[in-house]
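As a plain string of letters, each chain reads:
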Amino acid sequence: MKEIKENRKTRYTRMVLQDSLFELMRKKPITKITIKELCENADINRTTFYAYYTDQYDLLRKIEDETLSWVKEALSNLISQTDKYETLKILEGIFQYFTENSRHLQTLMSEQGDINFQKQLFTLIYQESGMSPSKVTDANLSPKEDYFIFVVNGSIGLIQHWLKNGMNRSAKEMAEIIYTMASQIR
């Protein structure tokens, strides 16, 4: 019984620290956020913070790593699909994840977010799709590769716009839009 309480308490502590970080990042860059301010905002003492993280950058990095890990798994499932219905279902699940985690993803995918995270996201998408990130900067791409890069960048831009503007479309509508754009590659 004690183990469940500790796990629940740990999850709660991490959640409020993450929420606190993103709330502060909406107002100012991470370089201006202090541990004291982060802890006060989360109503957590500094000793507790240091039990989980070394600093605010470590907290952000762990959130980013979890997000990238989830994206990698989702992309793996998506890329392996050939059936339109299953592909749309997976895409809708991806957008549902965005909806459920919108408060964090809005910041991660915005100007206030870590640009290195966004670069890692693009690199991950290219790698999972079988394209070397160094090839993306190659001037001699095939028309199909050019189109793929356009669709990836356009999809990310569309997702950023969707998150920034209050997710005015459903997860299903966004899945259909991205599917329609990406299906042109094949």
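These numbers come from a predicted model, not from an experiment.

> How would you explain the environment of Asp43 if you had to name every residue and give the values?
Mapped onto the secondary structure, Asp43 falls in the loop between helix 2 (35-42) and helix 3 (46-52). Assessed through its relative accessible area of 71%, Asp43 is described here as exposed. A sequence separation of 30 residues divides Asp43 from Thr13, and the C-alpha atoms of the two residues are 9.6 Å apart.

> Which residues make up unusual backbone geometry, and what are the values?
The phi dihedral of Asp43 is positive, around 60 degrees, even though this residue is not glycine. Positive phi outside glycine occurs at Met167, with the angle close to 45 degrees.

> Describe the pattern of salt bridges, naming the residues involved and giving the relevant values.
A side chain of one charge can pair with a side chain of the opposite charge when the charged atoms of the two come close. This model, assessed by the stated rule, comprises six salt bridges. Measuring nitrogen to oxygen at the nearest pair gives 3.8 Å for the salt bridge that ties Lys164 to Glu111. Of this pair, Lys164 sits in helix 9 (residues 143-164) while Glu111 is found in the loop between helix 6 (102-108) and helix 7 (115-128), placing the two residues 53 residues apart along the sequence. Judged by its relative accessible area of 60%, Lys164 falls in the exposed class. Judged by its relative accessible area of 64%, Glu111 falls in the exposed class.

> So what's going on with the environment of Asp146? Which residues, and what values?
Residue placement: Asp146 occurs in helix 9. Taking C-alpha positions, Asp146 is 36 Å from Lys28, a pair spaced 118 residues apart along the chain.

Analysis parameters
- Residues numbered from 1 in each chain as written.
- Predicted model: local features only at pLDDT ≥ 70, side-chain atom pairs only at ≥ 80, totals over all residues.
- Heavy atoms only, no water.
- Helix = DSSP H or I, 4+ residues; strand = E, 2+ residues; numbered from the N terminus.
- Buried < 20%, exposed > 50% of the residue type's maximum accessible area, 1.4 Å probe, protein only.
- Salt bridge = Lys/Arg side-chain N within 4 Å of Asp/Glu carboxyl O.

Just geometry here; none of it tells us what the structure is for.
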